[in-house]
Amino acid sequence: MAFYITTPLYYVNAEPHIGHAYTTVLADVLARYHKMGGGEAFFLTGTDEHGQKLADTAKKKGLSPLKFCDQMVEKFKELWEVLGIEYDDFIRTTEERHEKVVKAVLADLYQRGEIYRGEYDGWYCVPDERFWTEKDLVDGRCPDCGREVIKLSEPNYFFRMSAYQEWLVEYIGAHPDFILPPSRRNEVLGFLKKPLGDLCISRPKSRLGWGIELPFDPDYVCYVWFDALLNYISALGYLFDQERFTHLWPARYQLIGKDILTTHAVYWPIMLKAIGLDPPQTIIAHGWWLTGEEKMSKSLGNVVNPEDLANLYGTDSFRYFLIREMTLGQDANFTQEILVGRLNSDLANDLGNLESRLLKMVDGWWEGEIPEPGDYLEEDGELKGLAFQVAGRVEELVGKLKLDEAIEEIFRLVRATNRYLESTSPWRLYKEAKRERLGTVLYTGCEALRVASLLLSPVMPQTYAQIKERLGMEEEVAPCWDDARRWGLLVPGSKVRRGKPLFPRIKPPKQRVEELISWGEFKKIDLRIAQVVEADRVVGTDKLLRLKIDLGGELRQIVAGVGHRYSPKELVGKQIVVVANLQPATIKGIESQGMLLAATSGEDLVLIGPDGSIPPGAKVE
Ligand code: MSP
């Protein structure tokens, strides 16, 4: 049985964000770890392109829905490329191969009476495209998004979901790993304590035209969720390529965020049951990336662009951060301070430092070649034993989906190797010309680095390729668990290649991406050239000067803290830059109607002025 892993299909009505990046990197990492065991993996991602929201956004942009989707899909694909995602298939719900499966499933369910026509009477949230009963509403509003709902009474088509409630409860009970983590499993079981209604799977075309037409009624399109969920089997060629389909289904892991738990853990298994298919083996619901205490989302305006982050900090470093920082199932906090702290401590200080000091020593003291080890002493054997133990632990933790802990294990080995270099002191061995011992220590250090970087390779594939090359491993071998457990794969005599630091220390960002100002905000600041007409010291202070300035026909008075660097006399006649639309402030009893610009560095201060003569009042932009 192949290992089939999926991400949700992302809505293309908004740009990709860190939540999307996380799920997709996670799927990529799990698929790569799986391949380390020699098995086949099939990784599917894609985009969800139907529904009201999409049609509305496209309309606002003056584009047809499909044209708009075509543009947005590229942004997702581009991000996956930047993040080093190796998916095997990318499905769009507007593709023919998907639509034909959806139609075939709908036709079959309708024919077998699993879908029936009925009257819908209740409340409807237009932007969410969801039906609600009176008791679902919160203060008369949509319980999901809090927006207004409208009263609806119209004929629609329903899927007999309620008939499967008992089966689902039993199934979940008998399969503890069906929904992970257990807290989410309990949430679903809690939800299933209330009676489950039938699912309205149609939307009249009179209200919404952008969707897959029902094969048995051309006046309706399919509800976007019913359509989108089927991607997981349409992409495998369900009904049209049975051989391929049965090779890959049921999925090993279906990754989702906790907000789409009901659709995946209730609707989806019931849909599968109704068409005679097994549920996926495991649905994994991860938590949210938060900024402060809030979920990161487009509507909250606190989105961080993952592509910017990958470009700024490096693809592997960003992947590392995502997987290390989030405990699967729990929420995690994102700020650039946390990110930089993590990268500096783990990657620059620990891993990068280990690689650079080892290669420097091999380069300088062993003619740039992997040394031949001599007899192993106890301390060498201990490190070797630890590497073996860590490889086993990592494989076990990955199997339990504890990726953050698996990474922690790998760094236990990295840190132990750094300590080993401290305690064996190769610099002393070199000085004392203890050549054989030096060779053994350097070889042992390099092997430990090889094992650590190999274990980390699904998370940081480019880094592994670099470290391998630097350690003189030329052979193109796919990373595998066996090689992590074997000691001595580095061949003495191979040429090492020193390079630039893999992870230079990053200065904490002065300005976080989420704090950047927009062009519009910048344009609000009215910067002008002014000429100083008069200047005197504010009595009783060393620093403050009162300046009278000409702003192009308008005279103003400002108070500036530059008296410790400039005398009043040298300022008269000077051209400076001022913020002309600053709210007046009273400083030491004198009104200041603006502010001059100066550059500072420590104690130094210089005024900013034009590089040539220009009339006062000229705009600075
Ligand atoms: N189109 C549906 C899924 C259909 S699957 C058949 C959808 N799309 S989405 O683009 O809105 O969300 C996709 C995924 O991103 C969801 O798993 C959601 O939980 C996840 N995230 C959205 N915001 C998130 C965070 N702030 N943090 C982590 N993931 C979050 O829902």
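This is a predicted model, so every value here is computed, not measured.

### A closer look at the overall build of the protein
Point 1. In terms of regular secondary structure, the protein is built from 21 helices and 26 strands.
Point 2. Taking 25 Å as the expected radius of gyration for a compact globule of 621 residues, we find that the protein reaches 32 Å, considerably beyond that expectation.
Point 3. The principal-axis extent of the C-alpha atoms belonging to the protein is close to 95 × 80 × 40 Å.
Point 4. Relative to its 621 residues, the protein shows a buried fraction of 53%.
Point 5. Long-range contacts, defined here as pairs at least 24 residues apart, represent 74% of the contacts in the protein between residues at least 6 apart.

### Section: the pattern of salt bridges
Point 1. Going through the model one piece at a time under the given rule, you end up with 43 salt bridges.
Point 2. We note a salt bridge from Asp28 to Arg319, for which the minimum N-O separation is 2.7 Å. Of the two residues, Asp28 is situated in helix H1 (residues 18–36) and Arg319 in helix H12 (residues 315–325); the sequence distance between them amounts to 291 residues. The exposure classification of Asp28 matches that of Arg319, with both residues buried.
Point 3. Across the salt bridge formed by Glu408 and Arg415, the nearest N and O atoms sit 3.2 Å from each other.
Point 4. Judged by its relative accessible area of 31%, Glu408 falls in the partly exposed class.
Point 5. Taken together, the salt bridges that share partners define one network made up of Arg324, Glu325, Arg342, Asp346, Asp350, Glu408 and Arg415.

### Structural notes on the site of the ligand
Point 1. Around the ligand sit 24 residues, and of these Leu9, Asp48, Gly257, Asp259 and Trp289 come closest.
Point 2. Gly257 is positioned such that a nitrogen or oxygen atom in its backbone is 2.8 Å from an oxygen atom of the ligand.
Point 3. Alone, the ligand offers 670 Å² of accessible surface; in the complex the protein occludes 95% of this.
Point 4. Contributions of two or more residues to the shell around the ligand are made by strand S1 (3–11), H1, helix H7 (224–229), helix H8 (231–234) and strand S12 (253–257).
Point 5. Per element, the largest residue contribution to the shell around the ligand is 4 residues, and it comes from S1.

### Focus: helix H14 (residues 378–399)
Point 1. Helix length check: H14, at 22 residues, gives a terminal C-alpha distance of 32 Å against a target of 32 Å (1.5 Å per residue), a fit within 8%.
Point 2. Among the residues of H14, those classed as buried are Asp380, Leu383, Leu386, Ala387, Val390, Ala391, Val394, Leu397 and Val398. One side of H14 carries all its buried residues, which in axial view fall inside an arc of 140 degrees. Facing away from the buried side of H14 by over 90 degrees, the exposed positions are Glu378, Glu382 and Gly399.
Point 3. Of the residues trailing H14, Leu401 is marked for its positive phi of about 65 degrees.

### Let's talk about the domain arrangement of the protein
Point 1. Segmentation of the protein into domains returns domain 1 (310–485) and domain 2 (526–607).
Point 2. Put simply, the middle of domain 1 and the middle of domain 2, counted by C-alpha atoms, are 56 Å apart.

### Remarks on the sheet that holds strand S2 (residues 41–48)
Hydrogen bonds between backbone groups are what pair the strands of a sheet, and the pairing can be parallel or antiparallel.
Point 1. Read from one edge of the open sheet, 6 strands run S3-S2-S1-S12-S13-S7, paired in parallel fashion. Of all strands in the sheet, those bounded by a partner on one side alone are strand S3 (89–92) and strand S7 (179–180).
Point 2. Taken together, the 4 bridges between S2 and S3 define a ladder with parallel strand orientation. Bridge pairing in S3 links Thr45 to Phe90.
Point 3. Contacting S7, S12 and strand S13 (282–286), helix H10 (residues 261–274) crosses the sheet at an angle of about 140 degrees to S12.

Calculation notes
Residues numbered from 1 in each chain as written. Predicted model: local features only at pLDDT ≥ 70, side-chain atom pairs only at ≥ 80, totals over all residues. Heavy atoms only, no water. Helix = DSSP H or I, 4+ residues; strand = E, 2+ residues; numbered from the N terminus. Rg over C-alpha atoms; globule rule 2.2 N^0.38 Å. Buried < 20%, exposed > 50% of the residue type's maximum accessible area, 1.4 Å probe, protein only. Contact = heavy atoms within 4.5 Å. Salt bridge = Lys/Arg side-chain N within 4 Å of Asp/Glu carboxyl O. Near = heavy atom within 4 Å. Polar contact = N/O pair within 3.5 Å; in protein donor to acceptor, adjacent residues only side chain to side chain. Areas by Shrake-Rupley, 256 points an atom, 1.4 Å probe, with all protein chains shown as cover. Expected span 1.5 Å × (residues − 1). Arc of directions from axis to C-beta. Domains from an automatic or database assignment. Pairing = 2+ DSSP bridges. Axes fitted to C-alpha atoms, helices over the stretch in contact; angles between N-to-C directions.

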